[in-house]
Protein chains: 2
Amino acid sequence: MSRSNPRVLATLERAGGFASAQEVYRLMQREGESIGLTTVYRSLQSLLNDKIVDVLRREDGEAIYRLCGGAHHHHLVCKGCGETVEIEGGAIEKWAKTMAQEFGFRDVGHTAEIFGLCPKC
Amino acid sequence: MSRSNPRVLATLERAGGFASAQEVYRLMQREGESIGLTTVYRSLQSLLNDKIVDVLRREDGEAIYRLCGGAHHHHLVCKGCGETVEIEGGAIEKWAKTMAQEFGFRDVGHTAEIFGLCPKC
DNA sequence: AGCACAAATGAAAATGATTTTCATTCCCAT
DNA sequence: ATGGGAATGAAAATCATTTTCATTTGTGCT
Ligand SMILES: [Zn+2]
Ligand SMILES: [Zn+2]
Ligand SMILES: [Zn+2]
Ligand SMILES: [Zn+2]
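Structural notes, computed from the coordinates.

Reading the values: rules and limits
Residues numbered from 1 in each chain as written. Chains lettered and ligands numbered in written order. Predicted model: local features only at pLDDT ≥ 70, side-chain atom pairs only at ≥ 80, totals over all residues. Heavy atoms only, no water. Axes fitted to C-alpha atoms, helices over the stretch in contact; angles between N-to-C directions. Helix = DSSP H or I, 4+ residues; strand = E, 2+ residues; numbered from the N terminus. Parallel < 35°, antiparallel > 145°, perpendicular 65-115°, else oblique. Contact = heavy atoms within 4.5 Å. Nonpolar A, V, L, I, M, F, W, Y, C, P; charged D, E, K, R; others polar. Least-squares fit on C-alpha atoms with pLDDT ≥ 70 in both. Pairing = 2+ DSSP bridges. Buried area = accessible area lost by both parts, 1.4 Å probe. Salt bridge = Lys/Arg side-chain N within 4 Å of Asp/Glu carboxyl O. Polar contact = N/O pair within 3.5 Å; in protein donor to acceptor, adjacent residues only side chain to side chain. Buried < 20%, exposed > 50% of the residue type's maximum accessible area, 1.4 Å probe, protein only. Arc of directions from axis to C-beta. Donors = N, O, S within 2.8 Å, 3.2 Å for Na, K, Ca; no water.

Some thoughts on the packing of helix α1 (residues 6-14) of chain B against helix α2 (residues 21-30) of chain B
Residue and element names in this part refer to chain B.
- Running from N to C, α1 and α2 cross one another at 95 degrees; their axes reach a closest spacing of 10 Å. It follows that α1 is roughly perpendicular to α2 by the angle criterion. The residues of α2 that touch α1, namely those facing Arg7, Val8, Thr11 and Leu12, are Val24, Leu27 and Met28.
- Its residues assigned to classes, the contact of α1 with α2 comprises five nonpolar, one polar and one charged.

What to know about the relation of the copies chain A and chain B
- You can overlay chain A on chain B at an RMSD of 0.1 Å; the transform is a turn of 180 degrees with a shift of 0.0 Å along its axis. In short, the pair behaves as if placed about a two-fold rotation axis. It is Ala112 of chain A whose C-alpha, among those of chain A, lies nearest the rotation axis, at 2.1 Å.
- The overlap is high: 100% of the interface residues of chain A also sit at the interface in chain B, so the same surface is used on both sides.

A word on unusual backbone geometry
- One non-glycine residue with positive phi stands out, namely Lys51 of chain A, at about 60 degrees.
- With respect to the helices and strands, the residue Lys51 of chain A is situated in the loop between α3 (37-49) and β2 (53-57).
- Even without a glycine there, the phi angle at Asp107 of chain B is positive, about 60 degrees.
- Within the fold, Asp107 of chain B resides in strand β6 (residues 106-117).

Description of the sheet that holds strand β2 (residues 53-57) of chain B
All names here are of chain B.
- The strand order β1-β3-β2 describes an open sheet built from three strands, whose pairing is antiparallel. If you trace the sheet from one side to the other, it starts and ends with β1 (18-20) and β2, each paired once. Strand-to-strand, the axes of this sheet are offset by a mean angle of 30 degrees, without reference to chain direction.
- Here β1 pairs with strand β3 (residues 63-67) via three bridges, running antiparallel. In the sheet register, Ser20 faces β3, and the bridge partner there is Ile64.
- Across the face of the sheet, α2 comes into contact with β1 and β3 while running at roughly 95 degrees to β1.

Quick look at the sheet that holds β2 of chain A
All names here are of chain A.
- In space, the three strands of this open sheet follow the order β1-β3-β2, with antiparallel pairing throughout. Edge positions in the open sheet fall to β1 (18-20) and β2, since each of these has one partner strand only. Direction aside, neighbouring strands of the sheet carry axes that sit 30 degrees apart on average.
- In the packing of helix α2 (residues 21-30) onto the sheet, the strands contacted are β1 and β3 (63-67), and the crossing angle to β1 comes to about 95 degrees.

Some thoughts on the interface of chain A and chain B
- Taken together, the contact pairs 37 residues of chain A with 37 residues of chain B.
- Between chain A and chain B, the buried area comes to about 3,100 Å², and carbon and sulfur atoms account for 65% of it.
- It is Trp95, Phe105 and Arg106 of chain A in chain A that bury the most area against chain B; as a group they hold 22% of the surface buried on that side.
- Our count for the contact surface shared by chain A and chain B stands at zero salt bridges.
- Across the contact surface, chain A and chain B share 14 residue pairs in polar contact (both at pLDDT 80 or more).
- Mapped onto the side of chain A that touches chain B, the elements with two or more residues apiece are β4 (74-78), β5 (84-87), α4 (90-102) and β6 (106-117) of chain A.
- Here the side of chain A that touches chain B gets twelve residues from one element, more than from any other, and that element is β6 of chain A.

Thoughts on α2 of chain A
All names here are of chain A.
- Taken together, the buried positions of α2 are Ala21, Val24, Tyr25, Leu27 and Met28. Looking straight down α2, one finds its buried side chains confined to an arc of 165 degrees; they lie on one side.
- Buried positions along α2 lie against α1 (6-14), β1, α3 and β3.
- Directly after α2, the chain includes Gly32, whose backbone phi takes a positive value near 80 degrees.

A closer look at the coordination of the zinc ion (ligand 2)
All names here are of chain A.
- In this structure, His72 (NE2), His74 (NE2), Glu93 (OE), Glu93 (OE) and His110 (NE2) serve as the protein donors to the zinc ion (ligand 2), at separations of 1.9 to 2.7 Å.
- Owing to a relative accessible area of 2%, His74 belongs among the buried residues under this scheme.
- When its relative accessible area of 26% is taken as the criterion, Glu93 is described as partly exposed.

Here it is in structure tokens:
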């Protein structure tokens with residue numbers, strides 16, 4: 001595997017910590033940085049490995065990467081401007097554990113995201 | 001828009017109520033049913049419109065369609081065999097509402113899924 | 001400086017899901 | 001039967017992502 005190109009991370013930050021590989025690439029192009037699309041993909045993959053970013057999917061299936069604290073957490077995302085708040089999910093953790101137990105599931109993980117419009121939008 | 005081809009829904013049922021468009025297509029082929037891939041996509045899209053199926057994404061981004069009751073609910077999915085249980089999410093509903101309120105978000109929706117290994121796997 | 005070798009880069013091709021186009025086939029009401 | 005709209009599907013187009021592979025870059029060593 002390869003190490004992440006630092007300019008990719010910098011660009012993701014500049015983008016508001018929330019963008020797809022294609023978007024990061026286009027943003028870098030627009031700002032005159034010379035980089036290949038392949039490198040952007042590789043860098044994001046590497047950041048993902050190192051748990052420096054999080055990935056989730058747009059409705060159309062495109063992967064979006066997001067700067068993220070390492071610990072387990074959930075998100076509140078604005079559908080309008082993309083602003084993201086990391087939130088604590090104690091209730092979810094308990095719910096997931098309870099449900100898994102009830103149906104005899106082992107080795108469980110979960111996803112939970114909230115979407116809406118932020119105060120500004 | 002077009003109406004769903006009933007054989008597509010029948011096949012999705014036969015597949016355990018859980019499959020991607022490509023999988024439904026391949027399954028129908030294997031069983032000697034004559035149908036075009038385009039029709040499979042269109043039918044699933046239509047079933048989705050009518051809220052007869054649910055869609056979510058595999059890790060690689062492929063859309064999987066699932067027979068689903070119409071009311072709002074969540075899922076417990078087996079990573080091994082794909083078996084899915086519809087579960088009630090009262091705790092989630094409350095959590096989402098609380099969090100949205102706390103950060104002033106309006107017009108909120110949410111997703112929540114639990115993944116694990118079922119007793120048989 | 002000059003060399004060797006590994007890691008990083010990126011252009012181009014390959015892949016794979018999904019959508020679009022468009023000509024043909026079906027089906028139904030007149 | 002017939003005219004027109006709906007349904008169908010083959011083939012092409014799109015689009016994100018991955019793979020290939022040749023080139024460039026960086027680093028340590030002499
Ligand atoms: Zn907003
Ligand atoms: Zn959690
Ligand atoms: Zn199972
Ligand atoms: Zn819910």
